[in-house]
Amino acid sequence: MLRVLMSRIAGLFTSGRADHEFDEEIEAHLAMLTEDNVRRGMTPEEARTAARRHFGGVTQVKEEQRERRGLAWIEVLAADVRYALRTMRKNPGFTAVVVVTLALGIGVNTMLFTAYNAVALKPLPVANPREVVRVGRGFEHPMMGDIRYAFSYPEYLYCREHNTVFSSLVATSWPLRVLADDSGKMYGHVVSHDYFAGLGVAAQIGRTFEPADRAAIVISYLFWQRRFERDPQVLGRVLHLNGAAVTIIGVAPEKFGGAALLDRIPDFWAPIAMQAQLVPGHDWLNEPGDPHLQLLGRLKAASTLDGAQAQVSVLVRQFAGTFTEKEKTVSIALEPAVLLGGTDDIRFKAVVAGLMMTVGLVLLVACVNLANMLLARGAARQREMGIRLALGAGRRRVIRQLLTESVLLSMAGGVAAVVFSAWSSRLLWVAVRNLMNGPFAEAAGAVLPIDLSPDIRVLAYALGLAMVTGIVFGLSPALRSTRPDLVRSLQEEGSLGTGWTQSRFRRFLIAAQVGASMLLLITAGLLLRGLARSQSADTGFETRSVYMLLADFGPDRPKAMAAQRRLAERLKTLPEVQGVAMGGFPLMGTWTPPIVTDRASGRTLASRATETYLDVLGIPVLHGRNFSRQEVTNGAPAAVVSESAARRFWPGQDPVGRRFQLDMDFRGTMAQFETIGIAKDVRFANLTRIDPAHVYLTPTAAEFEGMLVRIQGDPKRALPAIRSTVDAVDRNLLPGLSLQSLEAGPMAVHKFSARMYATFAMILALLALGLAGVGIYGVMSYLVSQRIREIGIRMALGAGAGGVLRDVVIEGLRPVFVGTALGIAAAAGMSALLHATLVFPGSTDLLYGVAFYDPVTFIGLACFLTAIAAIASAVPARRALRVDPMVALRYE
């Protein structure tokens, strides 16, 4: 069997020579039969005829021999491909329209998959990346985010020394901000000494760390390019970081941006032995309960993922027995080492699935266009198909030929989509960086380590999607083009599109196309309405002159709180400072504990506040009173509630003086509080909506709160004065010091998110609208062309041009009305679903209060889409009306 298979494969490449040799063999055999017949007394002509009759069909014998020596299905496929390519070359306009349509539809989907691949699938640029895993943990009290990947240095050492499943286990910190005497602030990571060696990353120039290195750094390629203009003499240069002299010993490769979770590319990497100099006031090396490091391990060849995970779980539990954990670890997970953590989380997968379904609507519109165009072409080739079937071609054979053509068209669209997605992904990334401002400006300057170049997964996704598209949406036209009604097919040219069944199918396709476009249009319209509101949304408190003061006050909580109080007292003495307060940062996350009152229960937003907090933010107390200094100092169980909370939990009553309970840790541990005042409603948790309920509580001794500073006068004078005061109180606070206004910080984040949502939806909606308009125009052009004779007869019998035009347009708009109704219903359902999530007080209102039944958006966009469809229907109809009735009567 193997010899036969190899012989058949070889026959594919020697068919020409084999055909020639077999032809000579047949001619020799016929010559011998002819000679034998001549010897029997036949004339030469009779002898040749008798020889051929005795031999049988020469062509059939050649075909049978050709099938035996090769692989028939490959040869047939090659013939189908050649024929399909000739067909595409003969119809360049049709081919170009199909390829461009599919390139847009598949390209948008591929662009989103490219982004997903870059952050969640593409491995880190290290040696043998499939061997590298990231270590994560699960806590007894479910906590998400980067905290799941945080380990202490002693914990890292214990796991590194006692494991038998990793060939190397390395550690890296999150980005650290340090002061550099020659370039302002720099960002870097402290890493274990075997960080580069364990990941298999060699230096671009110079070397990486050795165990003896104590005051050395490796700089990133981007920093080398930006700061030193790629000077090869940079090795040995001395920088001062937080006052400590360090020597540059190497430059990292250009493609290596670090192995930490998705963040900016650092300026440098330093050995963890320098932690005390780079993070003053902390002692990571000797604090088992101070997790600041991410761990990555390289599995040994003989290790399995499950076995390694089990061993690391045991080691972490053993180490936990040596100290008191703040939060108990209950599980360990080894995840692929990609830029983004938590890719296995069901919520992350749900978001990705939702986005893919959304962009899939654009592909649906493009595929409907493909199906309509293939139907139209099938109608034009109806006579050809009938002749082929009448001459003996099997229906399966013809269907396979038509499917080959549709798949080739879709594959060409897939190739174009890869090019389109690669170009548009980079363009979109540039646009995102240009949109960034305020809190993103600095991050935009240091490009995130995201590689958007297409790889084998992106190529396979695009071409696989193209192949499925070609088969699924090319099958129905192929089946309809090869129906067994041969008499009608031979008698009529282009009859496929005139039957009721075909017309109904086309109307169904147009309705689906319009419905998907309507859904995207309304969604984009609602988000744009929300975007307009977001730019003028009033938080209800001061944002421009209130600054968040962030600094590293040290790991010791009591000492940190004492240092914070000393700094606050010094800042209050500055003439440039109007007020200082401690409490939660507005627009920076939510805390929604369960609340129980004597009248109602549910969830409420909550935050901590000192006695000056509401005054610094400019939130007035409308009824009752604010906190006193003594209540804040003693952590009294007093509370100020918002107007909405008062209406919701004490309807028709005065809540001042009434008590309520909060589940502070979400474990059923209820704490009792007394209401002392009612504050004005504000947009504290989300810029998208007014807090449905908010409770302000006094700080506790166990929790460290943020610091808010309200300045007066020119910020250019106030901010340097604040930095000087921080320097005077504790110089170690300067490296991690950050001063950012609420307007340029969290408020800008919320507005940026609204712009991104609206821009993304608008791009999809415009693509869908353009494809739908082209599709409706194409279908109507074809249907009108089929009715030219009917139009000519009606015009010859005296019908008015206006009446004929109206009839044609109305007939074309019927499926549009159906699709519009379906799209409106789907959009209303989606909008209602978004509004249903607002029951939870911490949820974001993406529409910024726009009603889900917003008539301006729904009715306006429905009329707009209908107008586009009417124009697409009217243009070919008007062109048909200009045809001379006598010419129309002779049509076909």
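Residues numbered from 1 in each chain as written. Predicted model: local features only at pLDDT ≥ 70, side-chain atom pairs only at ≥ 80, totals over all residues. Heavy atoms only, no water.

**Description of the nonpolar core**
Ranked by internal contacts, the top residues of the largest apolar core, which has 80 residues, are Tyr-613, Leu-617, Ile-619, Phe-627, Tyr-696, Leu-708 and Ile-776. Sort the elements by how many residues they give to this core and helix H24 (residues 746-786) lands first, with 15 residues. For Leu-617, the contacting residues outside a window of four places in its chain are Phe-541, Glu-542, Val-546, Pro-586, Phe-684, Leu-708, Arg-710 and Leu-742. Of all hydrophobic cores here, the second largest spans 43 residues; its members include Val-178, Ile-272, Leu-293 and Leu-334. (Core = buried A, V, L, I, M, F, W, Y, C linked by side-chain atoms within 4.5 Å. Buried < 20%, exposed > 50% of the residue type's maximum accessible area, 1.4 Å probe, protein only. Helix = DSSP H or I, 4+ residues; strand = E, 2+ residues; numbered from the N terminus. Contact = heavy atoms within 4.5 Å.)

**Topic: a positive patch on the surface**
On the surface, Arg-82, Arg-86, Arg-89 and Lys-90 cluster together into a patch of positive charge. Secondary-structure assignment places Lys-90 in helix H5 (residues 72-90). (Patch = residues over 30% accessible without salt bridge, like charges linked within 9 Å, V, L, I, M, F, W, Y side chains within 5 Å. Areas by Shrake-Rupley, 256 points an atom, 1.4 Å probe, with all protein chains shown as cover. Salt bridge = Lys/Arg side-chain N within 4 Å of Asp/Glu carboxyl O. Lys, Arg positive; Asp, Glu negative; His and termini not counted. Charge placed at Lys NZ, Arg CZ, Asp CG, Glu CD.)

**Observations regarding unusual backbone geometry**
Even without glycine at this site, Asn-128 takes up a positive phi of about 45 degrees. If you trace the backbone, Asn-128 turns up in the loop between helix H6 (92-121) and strand S1 (132-139). In the Ramachandran plot, Tyr-848 falls in the positive-phi region, its phi being about 55 degrees despite a non-glycine side chain. Note that Tyr-848 resides in the loop between helix H26 (801-836) and helix H27 (855-881).

**Describing helix H3 (residues 44-55)**
Look at H3: 16 Å from first C-alpha to last across 12 residues, which is about the 16 Å you get at 1.5 Å a residue. Backbone geometry just after H3 places Gly-56 at a positive phi near 100 degrees. (Expected span 1.5 Å × (residues − 1).)

**Description of the environment of Thr-857**
Position of Thr-857 relative to the elements: it lies in helix H27. Remark: the alpha-carbon pair of Thr-857 and Arg-529, spanning 328 residues in sequence, is separated by 8.3 Å. If sequence neighbours within four positions are ignored, Thr-857 has contacts with Ile-522, Gly-525, Leu-526 and Arg-529.

**Some points on the sheet that holds strand S13 (residues 577-583)**
Pairing between the strands of a sheet is mediated by backbone hydrogen bonds and can be parallel or antiparallel. Taken in spatial order, the 4 strands of this open sheet run S13-S22-S12-S23, and their pairing is antiparallel. The open sheet has two free edges, formed respectively by S13 and strand S23 (738-741), since each of these has just one partner strand. For this sheet the average axis-to-axis angle between neighbouring strands, irrespective of direction, equals 25 degrees. Relative to strand S22 (residues 706-711), S13 runs antiparallel, the two being bridged by 6 bridges. Note that in S22 the partner of Ala-581 across the bridge is Leu-708. In the packing of helix H23 (residues 715-729) onto the sheet, the strands contacted are strand S12 (546-550), S13, S22 and S23, and the crossing angle to S22 comes to about 140 degrees. (Pairing = 2+ DSSP bridges. Axes fitted to C-alpha atoms, helices over the stretch in contact; angles between N-to-C directions.)

**A word on the pattern of salt bridges**
Summed over the entire model, instances satisfying the criterion amount to 20 salt bridges. Asp-36 is paired through a salt bridge with Arg-39; the nearest N and O atoms lie 3.5 Å apart. Pair noted here: Asp-36 and Arg-39 are both in helix H2 (residues 15-39), with a separation of 3 residues, about one helical turn. Note on Arg-39: relative accessible area 62%, which makes it exposed. Close ionic contact of Lys-572 with Glu-569 constitutes a salt bridge, the shortest N to O distance being 3.7 Å. Placement of both Lys-572 and Glu-569 in helix H19 (residues 557-572) is noted, with a separation of 3 residues, approximately one turn of the helix. Residue Lys-572 is classed as partly exposed on the basis of its relative accessible area, which comes to 36%. Residue Glu-569 is classed as partly exposed on the basis of its relative accessible area of 39%. A single network of salt bridges, built from pairs that share partners, joins Glu-569, Lys-572, Glu-611 and Arg-629.

**Digging into the pairing of strand S18 (residues 638-642)**
Counting buried positions along S18 yields 5 of 5 residues, so the element is predominantly enclosed. Burial along S18 is two-sided: Ala-638, Val-640 and Ser-642 and Ala-639 and Val-641, pointing in opposite directions, are all buried. Relative to strand S20 (residues 670-679), S18 is paired through 5 bridges, and the arrangement is parallel. Across the sheet, Val-641 pairs through a bridge with Ile-678, a residue of S20. Note that S18 and strand S21 (residues 694-697) share 3 bridges and pair antiparallel. Bridging from a neighbouring strand, Val-640 pairs with Tyr-696 of S21.

**Let's talk about the confidence of the model for the protein chain**
For the protein chain, per-residue confidence averages 83 on the pLDDT scale, and 89% of positions sit at 70 or higher. Contacts from residues 437-445, a stretch scored under 50 in pLDDT, to residues over four places away or in other chains number 15 contacts. (pLDDT = per-residue confidence, 0-100.)

**With respect to the packing of H19 against H23**
Between two packed helices, both the angle of their axes relative to each other and the distance between the axes serve to describe the pair. With their axes 10 Å apart at the nearest point, H19 and H23 run at an angle of 135 degrees to one another. By the angle class used here, H19 and H23 are oblique. The crossing of H19 and H23 is right-handed. Only Ile-722, Thr-725, Val-726, Ala-728 and Val-729 of H23 make contact with H19, whose side of the interface consists of Leu-567, Arg-570 and Leu-571. Taken together, the residues that form the contact of H19 with H23 break down as 6 nonpolar, 1 polar and 1 charged. (Parallel < 35°, antiparallel > 145°, perpendicular 65-115°, else oblique. Left-handed = near helix turned anticlockwise from the far one by under 90°. Nonpolar A, V, L, I, M, F, W, Y, C, P; charged D, E, K, R; others polar.)

**Some details on the packing of aromatic side chains**
Counting across every chain of the model gives 19 aromatic pairs. Their ring planes at 25 degrees and their centres at 5.9 Å tell us that Phe-660 and Phe-673 sit as a pair that is stacked. Taken together, the residues Phe-660 in strand S19 (residues 659-663) and Phe-673 in strand S20 connect sequence positions 13 residues apart. For the pair Phe-660 and Phe-673, one class covers both residues: buried. Measuring from ring centre to ring centre gives 6.2 Å for Phe-684 and Tyr-696, while their planes differ by 90 degrees; the resulting arrangement is edge-to-face. Residue Phe-684 is located in the loop between S20 and S21, and its partner Tyr-696 is located in strand S21; the two are separated by 12 residues in the primary sequence. Put simply, the rings of Tyr-195, Phe-196, Phe-209, Phe-256 and Trp-269 pair up and form one aromatic cluster. Seen from the ring of Phe-228, Arg-227 lies directly overhead, with NZ or CZ sitting 5.2 Å from the centre. (Phe/Tyr/Trp six-rings, centres within 6.5 Å; stacked < 30°, edge-to-face > 60°. Lys NZ or Arg CZ within 6 Å of the ring centre and 35° of its normal.)

**What about the packing of H26 against H27?**
Close contact between H26 and H27 brings their axes to 8 Å; oriented N to C, the two are set at 150 degrees. When the axes of H26 and H27 are compared, the pair comes out roughly antiparallel. Every pair of crossing elements has a handedness; the one defined by H26 and H27 is right-handed. Taken together, the residues of the contact of H26 with H27 sort by class into 19 nonpolar, 4 polar and 1 charged.

**Side note on the side chain of Ser-424**
Mapped onto the elements, Ser-424 comes out in helix H14 (residues 395-435). On the basis of relative accessible area, Ser-424 is assigned to the buried category, the value being 8%. One polar contact links the side chain of Ser-424 to the main-chain carbonyl oxygen of Phe-420, over a distance of 2.7 Å. Within the local environment of Ser-424, its side chain forms a polar contact with the backbone oxygen of Ser-421, the two atoms lying 3.3 Å apart. (Polar contact = N/O pair within 3.5 Å; in protein donor to acceptor, adjacent residues only side chain to side chain.)

**Observations concerning the environment of Leu-293**
One can find Leu-293 in strand S10 (residues 293-299). When its relative accessible area of 1% is taken as the criterion, Leu-293 is described as buried. Measuring from C-alpha to C-alpha, the distance between Leu-293 and Ile-147 comes to 9.9 Å, with 146 residues separating the pair along the chain. Leave out the neighbours within four places in its chain, and Leu-293 touches Tyr-149, Ala-150, Phe-151, Ser-152, Tyr-153, Ala-171, Thr-172, Ser-173, Trp-174, Val-190, Ile-272 and Trp-284.

**Remarks on a nonpolar patch on the surface**
Where nonpolar side chains cluster on the molecular surface, the patch consists of Met-467, Val-468, Ile-471 and Val-472 and spans about 330 Å² of accessible area. Mapped onto the fold, Val-472 is located in helix H16 (residues 456-481).

**Structural notes on the pairing of strand S7 (residues 238-241)**
Alternating residues of S7 divide into Leu-239 and Leu-241, all buried, and Val-238 and His-240, none buried. The pairing of S7 with strand S8 (residues 244-251) spans 4 bridges and is antiparallel. Of the residues in S8, the one forming a bridge with Val-238 is Thr-247. The turn joining S7 and S8, which pair antiparallel and follow one another in sequence, is formed by 2 residues; a positive phi near 55 degrees is taken by Asn-242.

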